[in-house]
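# A closer look at the structure
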Amino acid sequence: MPGKKNLEFSYFPGCSLETTARENNRSLYTFCERHDIELVELDDWNCCGSSSTHSIDHEPAKWLPTRNLALAPPGRPLMAACPNCHMRLKLAHMMLQQNPEDRKEYKRLWGRDFDPDLRIITFFELLSDLAVAGAFEKQQTGLKGMKIAPYYGCMLARPPMMRHEKNFYGLMEKVLLSLGAEPVKWGYSARCCGTFLAASRPDIVTRTVADIISGAERAKAECIVTACAMCQMNLEIRSRLPGKTPVFHFSELLALSLGIGGGRGWFRRHLIDPRPLLRARKLIG
């Protein structure tokens, strides 16, 4: 539509989407562009400390995410693609709202006043808003009946301080159905993948991932789709089962349903090659 104004969001990609999950980042941008949504990446953002800082040293863990809040311009929501990054940013914002002394330190560190009205959202909240606006109401056939196991992991769970935040369990199923896929029912959709134990205790994570992948295979899923880049990496890198079930980022399937992605190199980056499945389903050439 001529003169149509895009929705604008400040964007915090986080470390995973800039490194091991670049295909997640690229497909997310592509999907948003098709829906007239502009993502404006924060200039000179830093790690939010989600990986291990909060377990090792509370002081840098407390202030790392606040620098990213200081980089966000007023009047524009801040979106994080990673559920864990979102949690660290949101908790930091809530901490600052509640503690005047922390707000003084925030201004001393970053040279600007705290913005109490900054809206911090996940990609899932953006999708939920699109769904409410009717973006997925019309039944589509883009994913051609592919049987998909939606995997949320534990990263959409909330600590007590965030217990009143929105819950997005069920959103993937709703959207996948509208895109012509067949989400399967299975018992592992919220099972933790082991997250950062993948580095320190790979033996534990390998057993956990085997349970999850086996559950998807028993449910007759052709693939798994994740809500979290860390989950996607763990399910791929620690999978030792012969079947080698493909594991997608949700943004990849969203873009694929629009006919995008086959020639953009996203799927070559996967450790478990999804292209044989996609070709069999005639989703890519």
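This section reports on the structure supplied with the text. Note that the structure is predicted; figures quoted are calculated from it, not measured. (Residues numbered from 1 in each chain as written. Predicted model: local features only at pLDDT ≥ 70, side-chain atom pairs only at ≥ 80, totals over all residues. Heavy atoms only, no water.)

What follows concerns the side chain of N234. Of note, N234 is situated in helix α11 (residues 229–237). In this view, N234 contacts C193, G194, T195, A198, V205, V209 and S239; residues no more than four positions away in its chain are not counted. (Helix = DSSP H or I, 4+ residues; strand = E, 2+ residues; numbered from the N terminus. Contact = heavy atoms within 4.5 Å.)

Here the focus is the side chain of H86. Mapping H86 onto the fold places it in helix α5 (residues 83–98). Excluding residues that lie within four positions of it along the chain, H86 makes contacts with A80, I120, I121, T122, R158 and M162.

The geometry of an aromatic ring pair comes down to the distance between the two centres and the angle between the two planes. Tallying each qualifying case throughout the model produces 11 aromatic pairs. Measuring from centroid to centroid gives 5.2 Å for F12 and W45, while their planes differ by 75°, and the two rings are edge-to-face. Remark: W45 occurs in the loop between β2 (37–41) and α3 (53–56) and F12 occurs in strand β1 (residues 7–12); sequence separation between them is 33 residues. An identical accessibility class is assigned to F12 and W45; each is buried. With centroids separated by 6.2 Å and ring planes inclined at 85°, the aromatic side chains of F31 and F123 adopt a geometry described as edge-to-face. Residue F31 is located in helix α2 (residues 22–34), and its partner F123 is located in helix α7 (residues 123–132); the two are separated by 92 residues in the primary sequence. Here F31 matches F123 in class, with each residue buried. The rings of F124, Y152, Y169 and F250 are connected pair by pair, giving a single aromatic cluster. (Phe/Tyr/Trp six-rings, centres within 6.5 Å; stacked < 30°, edge-to-face > 60°. Buried < 20%, exposed > 50% of the residue type's maximum accessible area, 1.4 Å probe, protein only.)

Turning to the nonpolar core, a few remarks are in order. Counting 48 residues, the largest nonpolar core has M79, F123, F124, L127, I148, F250 and L253 as the members making the most contacts within it. Elements with a minimum of two residues in this core: β1, α2, β2, α7, α8 (171–178), β7 (223–226), α12 (250–257) and α13 (275–280). Sort the elements by how many residues they give to this core and α7 lands first, with six residues. Taken together, domain 1 (7–123) and domain 2 (138–280) each give at least three residues to this core, which thus spans both. Setting aside residues no more than four positions away along its own chain, M79 makes contact with F9, S10, Y11, F12, L28, L39, I121, T122, F123 and L126. Core analysis: the second largest hydrophobic core is formed by 21 residues, M155, A198, C231 and L235 among them. (Core = buried A, V, L, I, M, F, W, Y, C linked by side-chain atoms within 4.5 Å. Domains from an automatic or database assignment.)

Next up on the list: the pairing of strand β5 (residues 147–151). With four of its five residues buried, β5 lies for the most part within the structure. Examined bridge by bridge, β5 and strand β6 (residues 182–183) share two bridges and lie parallel to one another. Bridge pairing in β6 links K147 to E182. Taken together, β5, α8 and β6 constitute a β-α-β crossover, and its handedness is right-handed. As paired elements, β5 and β7 share four bridges and run parallel to each other. (Pairing = 2+ DSSP bridges. Right-handed = clockwise from strand over helix to strand, strands pointing away.)

Turning our attention to the sheet that holds β6. Here we have four strands laid out as an open sheet, ordered β6-β5-β7-β8, and parallel in their pairing. The open sheet terminates on both sides in strands that have one partner only, identified here as β6 and β8 (247–249). Where β7 meets β8, three bridges bridge the pair, whose relative direction is parallel. Across the sheet, residue I224 finds its bridge partner in β8, namely V247. Across the face of the sheet, α11 comes into contact with β5, β7 and β8 while running at roughly 165° to β8. (Axes fitted to C-alpha atoms, helices over the stretch in contact; angles between N-to-C directions.)

Spatially, four strands are ordered β2-β1-β3-β4 in an open sheet, and the strand pairing comes out parallel. Strand pairing shows two members of the sheet lacking a second neighbour, β2 and β4 (120–122), which therefore form its edges. When strand polarity is set aside, the average angle formed by the axes of neighbouring strands in this sheet is 40°. The sheet contact formed by β1 and strand β3 (residues 78–80) spans three bridges and is parallel. The residue bridging S10 from the neighbouring strand is L78, located in β3. α2 rests against β1, β2 and β3 of the sheet, and its axis sits at about 140° to β2. Packed onto the sheet, α7 meets β1, β2, β3 and β4 and runs at close to 80° relative to β4.

The values reported here are purely geometric and, on their own, carry no functional implication.
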